[in-house]
Amino acid sequence: MVTKTNESFFLKALAKSAKRQNIAAPADLDVLINNLNYLTSSQLNSIKDAHQFASEVHKDQKRRTGHPYITHPSAVALILTEMKMDHETIMAALLHDVIEDSGINKSRLAKRFGRPVSEIVDGVSKLSKIFDSQAQAQAENFQKMALAMAKDIRVILVKIADRLHNMRTIGVMSNEQRRRIARETLDFYAPIANRLGMNNLKNEL
């Protein structure tokens, strides 16, 4: 049986873990580049450009962990480097919150980073809105809808990596937010990861 004392200890440990450097901010640009030795110099330069752009867009933002916001998209990108994703996916991961958090639109991203990257970023933004609006939907139907609406599977991969890092830092959220995010993760994200054969990510989620 879980007592209030035990629960309080667990929540404090969860919050402390969320703020640890290796959890909240596991990668800077150098770490990412070191993990991307399978890409060409030109592709790495594009990733550096995306990182700089995202850093500028998010420069006045902070995560609830107290870290600069750029640490989150960098962490999402790091998860995807472990999957050996292509340079466009890594760029999109770095830019995935740009449309939602700034006045920068899809067209501007396309001009600077190319249409494929802008399409992924836009898809992640749209998928986020659908997740927010479908809280009452049955999990099975929602999974089918989420997979069907993503024209590019890389949209789903970026979104799953985004959720994984958010789960790793969930300890800084309020009790209500933790419950909602955890339930959403169990109902939607983990099953989608399972369908895609991403067993390690599914298990961690």
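Residues numbered from 1 in each chain as written. Predicted model: local features only at pLDDT ≥ 70, side-chain atom pairs only at ≥ 80, totals over all residues. Heavy atoms only, no water.

## Concerning the overall build of the protein chain
Scanning the protein chain from terminus to terminus reveals 13 helices and zero strands. In sequence order, the secondary structure elements of the protein chain are arranged as α-α-α-α-α-α-α-α-α-α-α-α-α. Taking 17 Å as the expected radius of gyration for a compact globule of 205 residues, we find that the protein chain reaches 17 Å, a close match to that expectation. For the protein chain, the C-alpha atoms occupy an extent of roughly 55 × 35 × 35 Å along the three principal directions. By residue count, 45% of the 205 residues in the protein chain fall in the buried class. (Helix = DSSP H or I, 4+ residues; strand = E, 2+ residues; numbered from the N terminus. Rg over C-alpha atoms; globule rule 2.2 N^0.38 Å. Buried < 20%, exposed > 50% of the residue type's maximum accessible area, 1.4 Å probe, protein only.)

## Brief notes about the environment of alanine 77
If you trace the backbone, alanine 77 turns up in helix α5 (residues 71-81). Accessibility expressed as a relative area gives 0% for alanine 77, which makes it buried. Put simply, alanine 77 and aspartate 30 are 47 residues apart on the chain and 12 Å apart in space, counted from C-alpha to C-alpha. Once you skip the residues sitting within four places of it in the chain, alanine 77 turns out to touch Leu32, Ile90, Ala93 and Leu94. (Contact = heavy atoms within 4.5 Å.)

## Considering the packing of helix α4 (residues 41-57) against helix α6 (residues 87-95)
Put simply, α4 and α6 touch, their axes get as near as 9 Å, and they point 5° apart. Taken together, the axes of α4 and α6 are roughly parallel relative to one another. Contacts between α4 and α6 pair Gln43, Ser46, Ile47, Ala50, His51, Phe53 and Ala54 from the former with His87, Ile90, Met91, Leu94 and Leu95 from the latter. For the contact of α4 with α6, the residue count by class is eight nonpolar, four polar and no charged. (Axes fitted to C-alpha atoms, helices over the stretch in contact; angles between N-to-C directions. Parallel < 35°, antiparallel > 145°, perpendicular 65-115°, else oblique. Nonpolar A, V, L, I, M, F, W, Y, C, P; charged D, E, K, R; others polar.)

## Quick notes on α4
Under the 1.5 Å per step criterion, the end-to-end length of α4 is 24 Å for 17 residues, consistent within 8% with the ideal 24 Å. At its buried positions, α4 is contacted by α3 (29-34), α5, α6, α7 (98-101) and α8 (106-113). (Expected span 1.5 Å × (residues − 1).)

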